[in-house]
Every structure is written in structure tokens, then in C-alpha cells.
Amino acid sequence: MDFERRCWAEVDLGALRHNFKIVKEKAGTAVLMAVVKADAYGHGDAAVASLFDKAGADRFAVSGFGEALSLRRAGITKPILILGYTGAQNAAALAESGITQTVFSLEYAKALSEAAQSAGVKVRVHIKVDTGMGRIGFTADDNIDRAVDEIMRAYALPGLLPEGIFTHFAAADSTAQADIEYTRRQYDLLCEVIRRLAARGCMFRLHHCCNSAGTFAWPEFHLDLVRPGVILYGEQPSREVTLPGLKPAMRLRAAVSMVKDLAAGDSVSYGCMFRAERPMRVATLAVGYADGYPRAMSNRGTVDLHGQPARVLGRVCMDQMIVDVTDIPGVKAGDAAVIFGGGAADSVADVAEMIGTINYEVLCDVGRRVQRVYVENGEEVEIVDYLKGE
């Protein structure tokens with residue numbers, strides 16, 4: 001297939017199916033809502049959601065309205081839940097597209113209700129309960145009576161169709177005793193809110209709280225539905241809480257643009273932070289921090305060239321970086337390097353740990369100018385180029 005072959009993200013469809021099967025088994029009888037926000041964690045929402053749809057996902061979750069519409073354009077007809085904020089003025093579009101919106105406060109519920117009534121529509125909603133995450137939601141961890149009262153008032157508003165109620169765990173990916181207790185407290189708070197609402201006639205068809213870690217580490221908390229995210233892509237929720245057997249689905253790759261020799265004393269890249277102490281051979285790669293390889297990996301990272309490790313030299317630039325190929329024979333312009341995610345290169349988790357962040361961020365930072373190349377059994381089967389709208 002013909003494409004730029006400057007820098008691209010190779011996504012293994014077989015790995016995605018493999019991971020989905022493992023996660024589906026862990027979900028058991030619970031409804032499986034595949035989380036495909038942030039362009040399916042950088043893997044490409046259309047291709048990934050279509051694969052999960054065929055593999056047996058029951059529902060999908062995204063962060064915002066635009067992401068939900070993107071799935072509809074991709075042919076996804078199953079229910080989609082927006083986990084975050086959508087302007088109330090989009091009530092009609094939500095209803096027309098069959099998209100479910102999270103309601104997280106009485107103020108927002110009223111605004112969405114008014115907009116829905118004005119448009120003559122009804123919007124399906126899930127109620128978000130804040131049990132200790134501290135972001136959005138009816139706050140139950142400091143005043144459960146107030147939270148229940150406000151949810152009841154939101155529940156009764158015209159123009160809204162309450163279908164579900166949920167919370168989000170803050171520390172389910174930790175094995176520290178305090179975090180284990182915190183997760184249990186969050187679950188217990190949600191269940192108490194549900195119990196009090198039911199006693200007053202507010203019933204929901206779906207109750208949920210389990211993210212990736214909750215899906216496999218807390219099976220007793222599944223309730224009606226689970227929301228796996230990062231594990232579907234073959235990455236772990238944390239170093240402590242891991243699901244065996246996953247296969248990372250993404251490898252960031254880039255072309256060698258030039259190979260040159262350095263003399264002792266020569267420097268490379270901005271700030272001259274690397275200076276050769278001996279004669280060396282180096283390769284410039286057509287990838288940089290604008291593509292998703294962190295600048296913080298300067299003088300630290302390792303990529304794969306010809307199946308061997310090549311150390312990053314000097315500062316990672318916006319669009320390029322330099323690696324040491326002194327001991328790797330035959331490297332030439334046009335060769336393809338693995339930047340992270342396979343072979344002798346750092347894994348996504350390695351990159352995250354070295355720069356003090358998490359694997360989620362590394363995946364999501366892969367830029368839109370990076371083509372997504374989908375492979376099946378090692379063969380390229382589809383290319384998505386966001387800049388060309390393909």
C-alpha cells in the first residue's frame with residue numbers, strides 16, 4: 001500500500017481481538033461497554049470500534065459529543081455513552097443520534113431538560129455519582145442525603161430518560177491497603193445511593209462502576225455493566241494491577257531519513273546536550289515530539305533498528321531525532337525503525353515510566369499527522385490518514 005512512510009502507528013488487529021476475548025471472559029455476564037475515547041486511546045476510533053463491535057461489544061463509551069458522532073459516522077449503531085460534558089444546546093442532536101449523555105449535577109440536568117423540551121425531544125441519560133473521584137458527579141462522599149435528593153429531582157425532570165447510574169473508581173489500580181479500602185468505600189457508597197433511590201421509586205436499568213482494573217481485579221463489583229478501556233489495547237492499568245496475557249496493539253514506527261558519521265567532539269541536536277566522545281555513526285529518524293515521542297526521552301530512549309537497540313542521542317526535536325547506529329551494520333535511509341512498542345525498542349510502559357507519566361498518556365499523545373496502519377497477521381490491510389480525511 002502506498003503512503004507517506006515518514007512516521008506511522010502500526011496497530012495489530014489480531015492483538016485487539018485477542019485482548020477483547022480476554023476482557024470479555026473477565027466481564028462474565030456483565031454488559032461490556034468498550035471505552036474508545038481519545039480516538040480509541042490513539043489507535044483510531046473507527047477501525048477499533050468496528051472491530052470491537054463485531055467481536056461482541058454491547059455498548060461504547062466516549063468522552064464528548066464529537067467522539068460519539070465520529071462513531072456514528074463509522075457505522076456504529078449500538079448505544080454510546082458520553083462520559084463527560086456536552087453543551088445542553090446539543091440536546092436535539094443527542095436525541096436524534098441516539099446518544100446517551102451523562103448527567104452529573106442538578107444544574108446541568110435542568111439545562112439539558114429545558115433544551116430537550118424546547119426541541120421536543122427526550123434525551124437518554126446516565127446519572128454520575130461522585131463517590132470520591134472529585135471530578136464531576138452528584139457528590140455523595142460528603143453528603144449522601146443531598147446527593148440522593150438532587151438525583152431524585154433530576155430523575156423527575158421532563159425531557160430526560162434516566163437509564164443508568166454509575167461512579168468511577170479513583171484507585172482500583174492500586175494494591176495499597178488504603179487504596180483497596182477506598183475502592184470498597186466508593187462501591188459501597190454507590191450501592192447505598194442506589195438503595196436509597198430505589199426505596200423512593202427511582203429505578204435504573206443499568207448500574208456500573210468498573211473501569212479496566214475493576215473489570216478483572218474486582219469481579220464482585222461488576223453490577224450490570226463494565227467499562228474496560230486501556231486493557232483492550234493490551235496495556236496494563238498499572239504496574240501493580242495487571243491482567244495476564246494481554247498483547248500491546250500499537251507500535252510507533254518511523255523512517256530513517258539520513259545516516260552520517262560523527263567525529264569525536266561533534267554534537268547533535270538542540271543545546272548540544274550530546275557530544276561524541278569517539279567516532280560514531282548515527283541515523284536521523286523522521287519522528288519527534290509532535291508525533292508523540294516525548295521530548296523528555298532525549299538522551300534516554302531506545303528504539304529498534306534491524307532488530308537491535310539504538311540509543312537516542314541528544315534532544316528529541318519536534319519532527320526528528322537522532323540515534324546511535326555505530327554497532328548496527330547496514331542501516332540506510334528508508335529503513336523503518338520501531339520507536340516504541342516492540343522488538344528492541346522501549347515498550348509503551350517503559351517510555352511512560354522513564355518520563356514519569358502513564359501508558360495512557362503515551363498512547364493518546366500519538367499525533368493526528370501520524371498515519372494509522374492496521375496489520376493482520378503481519379500484513380498491512382488498511383491505512384487511515386487523518387490529514388487526507390481517509
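For the structure, check the block above.
As the structure is a computational prediction, the values presented were derived from the model and not from experiment. (Residues numbered from 1 in each chain as written. Predicted model: local features only at pLDDT ≥ 70, side-chain atom pairs only at ≥ 80, totals over all residues. Heavy atoms only, no water.)

Asker: I'd like a description of the overall build of the protein chain, backed by residues and values.
Answerer: Tallying secondary structure elements over the protein chain gives 11 helices and 20 strands in all. Scaling as 2.2 N^0.38, a compact globule of 390 residues should have a C-alpha radius of gyration of about 21 Å, and the protein chain matches this with 24 Å. Along the first, second and third principal axes, the C-alpha set of the protein chain runs to 80 × 45 × 40 Å. Looking at the protein chain alone, contacts between residues at least 24 apart form 65% of all its contacts between residues at least 6 apart. Total accessible area computed for the protein chain in this model is approximately 16,300 Å², and 49% of it derives from carbon and sulfur atoms. Looking at charge distribution, the protein chain has the averaged site of its 43 positive side-chain charges lying 2 Å from that of its 49 negative ones. (Helix = DSSP H or I, 4+ residues; strand = E, 2+ residues; numbered from the N terminus. Rg over C-alpha atoms; globule rule 2.2 N^0.38 Å. Contact = heavy atoms within 4.5 Å. Areas by Shrake-Rupley, 256 points an atom, 1.4 Å probe, with all protein chains shown as cover. Lys, Arg positive; Asp, Glu negative; His and termini not counted. Charge placed at Lys NZ, Arg CZ, Asp CG, Glu CD.)

Asker: Could you give an account of the pattern of salt bridges, naming the residues involved and the relevant values?
Answerer: Considering all chains together, one arrives at 20 salt bridges under this definition. For D350, the salt bridge is made with R239, and the minimal N-O distance between the two is 3.6 Å. One end of the pair, D350, is in helix 10 (residues 348-355); the other, R239, is in the loop between strand 10 (225-226) and strand 11 (250-262), with 111 residues separating them in the sequence. Given the relative accessible area of 31%, D350 is considered partly exposed. D335 is paired through a salt bridge with K332; the nearest N and O atoms lie 3.0 Å apart. Among the charged side chains, a network of salt bridges with common partners joins R6, D291, D319 and R369. (Salt bridge = Lys/Arg side-chain N within 4 Å of Asp/Glu carboxyl O. Buried < 20%, exposed > 50% of the residue type's maximum accessible area, 1.4 Å probe, protein only.)

Asker: Describe the packing of helix 6 (residues 106-119) against helix 7 (residues 144-155), and please don't skip the residues or the numbers.
Answerer: Contact geometry of helix 6 with helix 7 gives a least axis separation of 9 Å together with a crossing angle of 5 degrees. One way to sum up the angle between helix 6 and helix 7 is to call them roughly parallel. Contacts between helix 6 and helix 7 involve L106, A109 and K110 from the former and E150, R153 and A154 from the latter. Taken together, the residues that form the contact of helix 6 with helix 7 break down as three nonpolar, no polar and three charged. (Axes fitted to C-alpha atoms, helices over the stretch in contact; angles between N-to-C directions. Parallel < 35°, antiparallel > 145°, perpendicular 65-115°, else oblique. Nonpolar A, V, L, I, M, F, W, Y, C, P; charged D, E, K, R; others polar.)

Asker: Can you break down the environment of G367 residue by residue, with the values?
Answerer: Note on placement: G367 falls in the loop between helix 11 (359-364) and strand 19 (371-376). Through-space distance from the C-alpha of G367 to that of V36 is 16 Å; in sequence the pair is 331 residues apart. Setting aside residues no more than four positions away along its own chain, G367 makes contact with A290, D291, G292 and R372.

Asker: How would you summarise the environment of M273 if you had to cite specific residues and measurements?
Answerer: Mapped onto the elements, M273 comes out in the loop between strand 12 (267-268) and strand 13 (274-275). Taking the C-alpha atoms as reference points, M273 and D335, 62 residues apart in sequence, are found 26 Å from one another.

Asker: Go over the packing of aromatic side chains with me, naming the residues and quoting the values.
Answerer: Per the counting criterion, the structure on display carries 11 aromatic pairs. Taken together, F20, Y41, F52, Y233 and Y360 form an aromatic cluster joined through their ring pairs. The aromatic ring of W8 is capped on one face by R5, whose charged end is 5.9 Å from the ring centroid. (Phe/Tyr/Trp six-rings, centres within 6.5 Å; stacked < 30°, edge-to-face > 60°. Lys NZ or Arg CZ within 6 Å of the ring centre and 35° of its normal.)

Asker: Talk me through unusual backbone geometry; I want residue IDs and the actual numbers.
Answerer: Even without being a glycine, R5 presents a positive backbone phi close to 55 degrees. Among the structural elements, R5 can be located in the segment before strand 1 (7-12). Among the residues examined, R5 registers a relative accessible area of 32% and is labelled partly exposed. With a phi close to 55 degrees, A40 is a non-glycine residue in the positive phi region.

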